[in-house]
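Examining the three-dimensional arrangement
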Amino acid sequence: MGVPHNTGKAQMSHRQTVALALGGGGARGIAHVHVLKAFDDLGIRPAAISGSSIGAIVGAGYASGMSGEQIEELMLSAFGNRAAVFASLWKLRPQPLRAFSGPGNFGQMDIEKVLDVFLPETYPKSFEELSIPLKITGTDYYGNALKVLESGDLRKAVAASAAIPVVFVPVVIDGCVLIDGGINNPLPFDLLDASRHRVVAVDVVGLPMGAPGKLPSRIDSAFGASQLMMQSITALKLKSHPPDLFLRPKVDAYRVLDFLKAREILTETASIYDETRRGLERLLEAEAVAG
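What counts as what
- Residues numbered from 1 in each chain as written.
- Predicted model: local features only at pLDDT ≥ 70, side-chain atom pairs only at ≥ 80, totals over all residues.
- Heavy atoms only, no water.
- Helix = DSSP H or I, 4+ residues; strand = E, 2+ residues; numbered from the N terminus.
- Buried < 20%, exposed > 50% of the residue type's maximum accessible area, 1.4 Å probe, protein only.
- Contact = heavy atoms within 4.5 Å.
- Areas by Shrake-Rupley, 256 points an atom, 1.4 Å probe, with all protein chains shown as cover.
- Phe/Tyr/Trp six-rings, centres within 6.5 Å; stacked < 30°, edge-to-face > 60°.
- Lys NZ or Arg CZ within 6 Å of the ring centre and 35° of its normal.
- Salt bridge = Lys/Arg side-chain N within 4 Å of Asp/Glu carboxyl O.
- Axes fitted to C-alpha atoms, helices over the stretch in contact; angles between N-to-C directions.
- Parallel < 35°, antiparallel > 145°, perpendicular 65-115°, else oblique.
- Nonpolar A, V, L, I, M, F, W, Y, C, P; charged D, E, K, R; others polar.

Next up on the list: the overall build of the protein. Helix and strand counts for the protein come out as ten helices and eight strands. A buried classification covers 51% of the 291 residues belonging to the protein. Considering only contacts within the protein whose residues lie at least 6 apart along the sequence, 77% involve residues at least 24 apart. Within the structure as shown, the protein displays about 13900 Å² of accessible surface, and the carbon and sulfur contribution to it stands at 56%.

Below, the discussion takes up helix H1 (residues 32-41). Every α-helical turn comprises 3.6 residues, leaving residues that sit three or four positions apart pointing alike. Within H1, nine of the ten residues are buried, leaving the element largely enclosed by the surrounding structure. All of the buried residues along H1 are His32, Val33, His34, Val35, Leu36, Ala38, Phe39, Asp40 and Asp41. With its phi angle positive at about 70 degrees, Gly43 sits one or two positions after the end of H1.

Take the packing of aromatic side chains next. Applying the stated criterion to the full structure yields three aromatic pairs. Summarising the aromatic geometry, the rings of Phe79 and Phe259 are spaced 4.9 Å apart at their centres and angled 40 degrees between planes, so their arrangement reads as tilted. Of the two residues, Phe79 is situated in helix H3 (residues 68-79) and Phe259 in the loop between strand E8 (245-247) and helix H9 (262-268); the sequence distance between them amounts to 180 residues. With centroids separated by 5.0 Å and ring planes inclined at 80 degrees, the aromatic side chains of Tyr141 and Tyr142 adopt a geometry described as edge-to-face. Just as Tyr141 is exposed, Tyr142 falls in that class too. Three or more aromatic residues link up through ring pairs in this structure, and these residues are Phe79, Phe118 and Phe259. Arg45 extends its terminal NZ or CZ atom over the ring of Tyr62, reaching a point 4.4 Å from the ring centre.

Under the defined criterion, the tally for this structure stands at ten salt bridges. Of the charged contacts, one joins Lys237 and Asp190 as a salt bridge, the two residues approaching to 2.8 Å between their closest N and O atoms. Linking Lys237 in helix H8 (residues 218-240) with Asp190 in the loop between strand E6 (176-180) and strand E7 (198-202), this pair joins segments that are 47 residues apart in sequence. Of the residues examined, Lys237 reaches a relative accessible area of 10% and is grouped as buried.

Below, the discussion takes up the packing of H1 against H3. Between H1 and H3, the least distance of the axes is 8 Å, while the angle of their chain directions is 155 degrees. With respect to their mutual orientation, H1 and H3 come out roughly antiparallel. Residue-level inspection shows Val33, Leu36, Lys37 and Asp40 of H1 in contact with H3, the latter providing Gly68, Glu69, Ile71 and Glu72. In the contact of H1 with H3, the residues fall into three nonpolar, one polar and four charged.

Shown next as structure tokens:
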């Protein structure tokens, strides 16, 4: 699928030493695009990728051969304006309510059907189609455990990883009920082999924002609590075995479902491109010296 972005620059000889972890965060994960574009412009293709939630969606596209620029175009075409979003959702007819909810799940959306509408036909259908090894996280709802998905039905795995509780109906894979992979592992850099690769991790969970003393709404409180939990998980992992390059775009101002603000998110987080590029150059210089 897609041709990797090529700026005409020589491919760096150490490109196979870098692995990439893309975190979950809903719409905030649109900022991942800048990181991918920095990889592309330096001529680096990750040796391995791991992803949670939106990081799984973006990571699967990138692992299939899409460039950062192509993924940006996909995000903007899908979410760049309100009319386009509702036009896409309209395709779920003639039975929209059945597509968006099931018995006992009123108000929850079927993430698999939604992704089928927004993802292009060329988006890979199986892990075996990918040119870069990919690991996707899911959370085993009844088993209280991390489920790592790396073979078989890719679209179903991506849907499971992005199944935000309350918003989306859980996804069943091999009899296992799975919800948002970010609940158990919001930034899965620990799934990458640090003994073989320099690990780059991108955190887009963010933190709740608001005026001091102002109580959050019920919805903001629920999603904010999830953010705090996921940041605690990441903080513990960073203490025990931090990645070689840790990136945190400024996404606090955006909510998990702010996909209609795709252009704004891209604009506000553009500085992470330069930070990524500088960090990658330092890593590769250190690798060259060590080698």
